[in-house]
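# Per-entry structural report
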Amino acid sequence: ELKVEQNPLFLSMQEGKNYTIYCNYSTTSDRLYWYRQDPGKSLESLFVLLSNGAVKQEGRLMASLDTKARLSTLHITAAVHDLSATYFCAVGRSGGGADGLTFGKGTHLIIQP
Amino acid sequence: GAVVSQHPSRVICKSGTSVKIECRSLDFQATTMFWYRQFPKQSLMLMATSNEGSKATYEQGVEKDKFLINHASLTLSTLTVTSAHPEDSSFYICSARSSGETQYFGPGTRLLVL
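What comes next concerns the included structure. (Residues numbered from 1 in each chain as written. Chains lettered and ligands numbered in written order. Predicted model: local features only at pLDDT ≥ 70, side-chain atom pairs only at ≥ 80, totals over all residues. Heavy atoms only, no water.)

## Section: the interface of chain B and chain A
The interface of chain B with chain A comprises 21 residues on the first partner and 22 residues on the second. Between chain B and chain A, the buried area comes to about 1500 Å², and carbon and sulfur atoms account for 51% of it. Summed over the three residues of chain B that lose the most area to chain A, namely B:Ser43, B:Glu101 and B:Phe105, the buried surface amounts to 34% of that side. Viewed at the interface, chain A and chain B are joined by zero salt bridges. Joining chain B to chain A, the criterion identifies five residue pairs in polar contact (both at pLDDT 80 or more). Those elements that place two or more of their residues in the side of chain B that touches chain A are strand E4 (32-38), strand E5 (44-51) and strand E9 (90-97) of chain B. A total of four residues in the side of chain B that touches chain A trace back to one element, the largest contributor, which is E4(B). For the side of chain B that touches chain A, the residue count by class is eight nonpolar, nine polar and four charged. (Contact = heavy atoms within 4.5 Å. Buried area = accessible area lost by both parts, 1.4 Å probe. Salt bridge = Lys/Arg side-chain N within 4 Å of Asp/Glu carboxyl O. Polar contact = N/O pair within 3.5 Å; in protein donor to acceptor, adjacent residues only side chain to side chain. Helix = DSSP H or I, 4+ residues; strand = E, 2+ residues; numbered from the N terminus. Nonpolar A, V, L, I, M, F, W, Y, C, P; charged D, E, K, R; others polar.)

## Some thoughts on the packing of aromatic side chains
Residue and element names in this part refer to chain A. By the definition in use, this model includes nine aromatic pairs over all chains. Their ring planes at 40 degrees and their centres at 5.9 Å tell us that Tyr35 and Phe103 sit as a pair that is tilted. One end of the pair, Tyr35, is in strand E4 (residues 32-37); the other, Phe103, is in strand E10 (residues 101-103), with 68 residues separating them in the sequence. For Tyr35, a relative accessible area of 0% corresponds to the buried category. (Phe/Tyr/Trp six-rings, centres within 6.5 Å; stacked < 30°, edge-to-face > 60°. Buried < 20%, exposed > 50% of the residue type's maximum accessible area, 1.4 Å probe, protein only.)

## Describing a nonpolar patch on the surface
Together, B:Ile12, B:Leu112 and B:Leu114 line one region of the surface with nonpolar side chains, adding up to about 320 Å² of accessible area. In this structure, B:Leu114 sits in the segment after strand E11 (109-113). (Patch = residues over 30% accessible without salt bridge, like charges linked within 9 Å, V, L, I, M, F, W, Y side chains within 5 Å. Areas by Shrake-Rupley, 256 points an atom, 1.4 Å probe, with all protein chains shown as cover.)

## Some details on the pairing of E4(A)
Residues and elements named next belong to chain A. Burial analysis of E4 places six of its six residues in the buried class, which makes it a mostly covered element. Of the two faces of E4, the one holding Leu32, Trp34 and Arg36 and the one holding Tyr33, Tyr35 and Gln37 are both buried throughout. Here E4 folds back onto strand E5 (residues 43-49) in antiparallel fashion, the turn holding five residues, of which Gly40 has a positive phi close to 75 degrees. The sheet contact formed by E4 and strand E9 (residues 85-92) spans six bridges and is antiparallel. If you follow Trp34 over to E9, its bridge partner there is Cys89. (Pairing = 2+ DSSP bridges.)

## Some remarks on the state of the cysteines
Counted by the stated rule, this structure contains two disulfides over all chains. One disulfide in the model links A:Cys23 with A:Cys89; its S-S distance is 2.0 Å. Linking A:Cys23 and A:Cys89, the disulfide has an S-S dihedral of approximately 80 degrees and is accordingly described as right-handed. Of this pair, A:Cys23 sits in strand E3 (residues 19-25) while A:Cys89 sits in strand E9, placing them 66 residues apart in sequence. Linked covalently through their sulfurs, B:Cys23 and B:Cys94 form a disulfide whose S-S length is 2.0 Å. Between B:Cys23 and B:Cys94, the S-S dihedral sits near 80 degrees, and the bridge is therefore right-handed. You can see B:Cys23 sitting in strand E3 (residues 19-25) and its partner B:Cys94 sitting in strand E9, a full 71 residues away along the chain. Overall, B:Cys94 belongs to the buried group, its relative accessible area being 0%. Not engaged in a disulfide, the cysteine B:Cys13 finds its nearest cysteine sulfur in B:Cys94; these two sulfurs lie 18 Å apart. (Disulfide = S-S within 2.5 Å.)

## Section: the sheet that holds E3(B)
Residue and element names in this part refer to chain B. Reading across from one edge, E1-E3-E8-E7 is the order of the four strands in this open sheet, with antiparallel pairing throughout. Two strands in the sheet have a free side with no partner beyond their single neighbour: strand E1 (4-7) and strand E7 (67-73). Each strand of the sheet is rotated relative to its neighbour by a mean of 15 degrees, with strand direction disregarded. With six bridges joining them, E3 and strand E8 (residues 76-81) adopt antiparallel strand pairing. (Axes fitted to C-alpha atoms, helices over the stretch in contact; angles between N-to-C directions.)

Interpretation in functional terms is not warranted from these geometric data alone.
Below you can see the structure in the form of structure tokens.
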């Protein structure tokens, strides 16, 4: 059974600081996703990581994937208040993308001025 | 980007009634659609995988007779919660993918069963 663990589950940080959210998963997978969810809203796709060593960046967010360690990270650089949200990582369970995703519990991020 | 819609956005119903939720891919053909459920302050849990023209595949612990899924076309999947009970109250979110790896999520449907 695929398990996805995120940490921390809750993070309060100040604007301008850097921080990293970690996502570990238990079995081999070829797809790792990061999503953002605002309160009461659905999910916004941030990154799709498909290969070992993949690194993607969008604005102040950067995601990476190490398939050998079964670890992905979401790094936040010089955080701003607008990045406050819940961030989920999710892992595809088998090759080809046909299966649904297994989600981590989410990291509730609060960025204070 | 690809857009997925859901209807209704929220619904309140009495216990014992059935509720149908629609999920549509608006600007692409979705070979596969997925239904997830999210309880307050929890993560998303996959309920079932729906392929156009075939029976849905349900996750362990999800009652297929209670959560009826129909994927009638490449742009529409429906989830019917039959004989709803208060414990079925949740946020139901669908997602769709075409040929690529990205799953696009709908805005969700908030169901409250009284």
